[in-house]
Amino acid sequence: MSNNFWPLVIYEYRKLFRRKILWITLGAMTALCIFAACSHLLGNAYVNGQVYESHGEALEKKIAFAKALSGRALDDMLLSEMQEGYAKVPNIPLAGVSREYQTYARPYEAIWQYAFLLAGDPAYKTITEEELYAARSEKLEQGWTNEQLGSREKEYLRAAEEKVEKPFVFTYCEGWGVLANLMNMLCVLQLLLIAICIPPVFSGEHSCRTDQLIQSTGLGKKPLYLAKLLVGTTFSALSTLFLGMVLMGALFCVYGTEGADAALQLLNFRCVWPLTVGEGIRILFGLLLITALLRTVLAMLLSECFRSSTVPLALMSGFLLSALLFRIPEEYRLLSGIWNTIPVNLVAVWEVFGSRLYPFFGTFLTPWQAAPVIYLLLGAGAAVLCFRRYKSFQAGGR
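Residues numbered from 1 in each chain as written. Predicted model: local features only at pLDDT ≥ 70, side-chain atom pairs only at ≥ 80, totals over all residues. Heavy atoms only, no water.

Observations regarding the overall build of the chain
For the chain, the count of helices and strands is 18 helices and six strands. Viewed in the frame of its principal axes, the chain has a C-alpha envelope of about 85 × 55 × 35 Å. Just so you have it, the chain exposes about 19800 Å², and 63% of that area is on carbon and sulfur atoms. (Helix = DSSP H or I, 4+ residues; strand = E, 2+ residues; numbered from the N terminus. Areas by Shrake-Rupley, 256 points an atom, 1.4 Å probe, with all protein chains shown as cover.)

Observations concerning the pattern of salt bridges
With the rule as written, the count across this model stands at 13 salt bridges. The shortest N-O distance in the salt bridge between Arg136 and Glu161 comes to 2.6 Å. With Arg136 in helix H7 (residues 129-146) and Glu161 in helix H8 (residues 151-162), this residue pair connects regions lying 25 residues apart in the sequence. Neither residue differs from the other here; Arg136 and Glu161 are each classed as buried. Here the salt bridges do not stand alone but share partners, grouping Glu12, Lys15 and Lys228 into one network. (Salt bridge = Lys/Arg side-chain N within 4 Å of Asp/Glu carboxyl O. Buried < 20%, exposed > 50% of the residue type's maximum accessible area, 1.4 Å probe, protein only.)

Topic: the packing of helix H9 (residues 174-197) against helix H14 (residues 310-325)
Between H9 and H14, the least distance of the axes is 8 Å, while the angle of their chain directions is 165°. By the angle between their axes, H9 is roughly antiparallel relative to H14. In this structure, H9 crosses over H14, and the sense of that crossing is right-handed. Residues Asn184, Val188, Leu191, Leu192, Ile194, Ala195 and Ile196 of H9 touch H14, and the partners they reach there are Leu313, Met316, Ser317, Leu320 and Leu324. Residues belonging to the contact of H9 with H14 are distributed by class as follows: ten nonpolar, two polar and no charged. (Axes fitted to C-alpha atoms, helices over the stretch in contact; angles between N-to-C directions. Parallel < 35°, antiparallel > 145°, perpendicular 65-115°, else oblique. Left-handed = near helix turned anticlockwise from the far one by under 90°. Contact = heavy atoms within 4.5 Å. Nonpolar A, V, L, I, M, F, W, Y, C, P; charged D, E, K, R; others polar.)

Quick notes on helix H6 (residues 109-119)
Within H6, burial applies to Ile111, Tyr114, Ala115 and Leu118. Projected down its long axis, H6 shows its buried positions confined to an angular sector of 95°, all on one face. (Arc of directions from axis to C-beta.)

Topic: the environment of His55
Within the secondary structure, His55 sits in helix H3 (residues 55-69). As for His55 and Ala45, which are separated by ten residues in sequence, their C-alpha atoms are 6.5 Å apart.

Examining the side chain of Ser54
Among the structural elements, Ser54 can be located in strand S2 (residues 50-54). A polar contact of 3.0 Å, which involves the side chain of Ser54, links it to the backbone nitrogen of Glu57. For Ser54, the residues in contact, after removing those within four places along its chain, are Gly43 and Asn44. (Polar contact = N/O pair within 3.5 Å; in protein donor to acceptor, adjacent residues only side chain to side chain.)

Digging into the environment of Thr257
Tracing the backbone through its elements, the reader meets Thr257 in the loop between helix H12 (222-255) and helix H13 (277-306). Beyond its immediate chain neighbours, meaning those up to four positions away, Thr257 contacts Trp176 and Phe252.

What about the packing of helix H2 (residues 20-38) against H9?
Contact geometry of H2 with H9 gives a least axis separation of 10 Å together with a crossing angle of 170°. Judged by the angle between their axes, H2 and H9 are roughly antiparallel. Where H2 abuts H9, its residues Ile21, Leu22, Thr25, Leu26, Met29, Leu32, Cys33 and Ala36 lie against Leu182, Met185, Leu186, Leu189, Leu192, Leu193, Ile196 and Cys197. Of the residues assigned to the contact of H2 with H9, the class counts are 15 nonpolar, one polar and no charged.

Regarding the pairing of S2
Where strand S1 (residues 44-47) lies against S2, four bridges are found, and the strand directions are antiparallel. Note that in S2 the partner of Asn44 across the bridge is Ser54. As consecutive antiparallel partners, S1 and S2 are separated by two residues, and within that stretch Asn48 has a phi angle of approximately 55°, a positive value. (Pairing = 2+ DSSP bridges.)

Remarks on H3
For H3, which comprises 15 residues, the first-to-last C-alpha distance of 21 Å matches the rise-based estimate of 21 Å (1.5 Å per residue) to within 8%. Residues of H3 that are buried: Gly56, Ala58, Leu59, Ile63, Ala66 and Leu69. Looking straight down H3, one finds its buried side chains confined to an arc of 155°; they lie on one side. Residues Glu60 and Ala68 are exposed on H3 and point more than 90 degrees away from its buried face. Elements that come into contact with the buried residues of H3 comprise S2, strand S3 (72-73), helix H4 (76-87), H6, strand S4 (169-170) and H12. Just past H3, the residue Gly71 takes up positive phi, approximately 95°. (Expected span 1.5 Å × (residues − 1).)

Some words on the side chain of Glu153
If you trace the backbone, Glu153 turns up in helix H8. Judged by its relative accessible area of 8%, Glu153 is buried. In this structure the side chain of Glu153 is engaged in a polar contact, spanning 3.1 Å, whose partner is the side chain of Arg333. Not counting chain neighbours up to four residues away, the residues in contact with Glu153 comprise Arg333, Leu357 and Phe364.

Some details on the nonpolar core
Residues Leu179, Met183, Trp273, Ile281 and Phe353 are the most contacted members of the largest nonpolar core, which totals 117 residues. Beyond its immediate stretch of four places on either side in the chain, Ile281 contacts Trp176, Leu179, Ala180, Met183 and Met248. (Core = buried A, V, L, I, M, F, W, Y, C linked by side-chain atoms within 4.5 Å.)

And the structure:
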């Protein structure tokens, strides 16, 4: 079998790469990733019908101001400087374009946004360091209550929260932050790429009637099935990595590479895990790769069940839209947990690093710890079912 396996793999890859739809889809998604990374540079800001500044100029200023504050603790001193700057802004229409705002307040815009997110208006104008972190703790507790977490779950989350260093050190990490927010888009592109390119790996034999030739082979269907499975999973994983690297490279050209060591709480204040932004991105990419394996096997199973490449595309696209459009409230714990474990819902910085926990032999698993186990088990089960369906198919039974 080993002497015949790798030629089969090469042959299946050649078949896959000869499909024009693959290159068209991959090219379109590559262009979309580049556009998503550079879209904030497009357009202008207008005041009274006149161009005030381009979005590219605004982003350049935002980055410069944030870098100037990078490395400073988010404490009383920094909060006071921000409040003093905003206190100098006159209470007039279009205050954001006034000289006072541009001179005194805009350099602290990143700090204002974070304080406003936690404390709201007008509390951010007078809030102290102690009050800021108390407001965050209050929001965490309120969120856990809304999610109807049990006492043991809350204790587990509080223990994790105690390991997070405070005060937070403000760190410029805009490139990493935008990348984390676009991971959900990357997850959508991955599903569409797999749904378009993978089903023909199996359905092509049925549509071209070449499946009858397999019946006469001496080694049976197993080597060919394993070759197809390897080609499908490796292609999906590598194409996901490729799109991710394109997106990351384009973002870093715009925003720079700084900030991998920033606290993840700067991107998601509800996160209680002592992780850096760089570690969070690596976790998200790892989940995307495991998701690629699961989706590939599911696409192959649907393709073999329906002996068609269009039905898997329709079903997977429809399920994707349902996952994006509908949400199950947290009060329905089991259903909500299952629904939010769907890859397109989970692979987002606000969900995968949230407070949802999964019971596991007397302790708990975080979403990024539980998801790989769930995905791999589902993928293995789908692969076995797909092989049984593939092995039992009779070409003469059409």
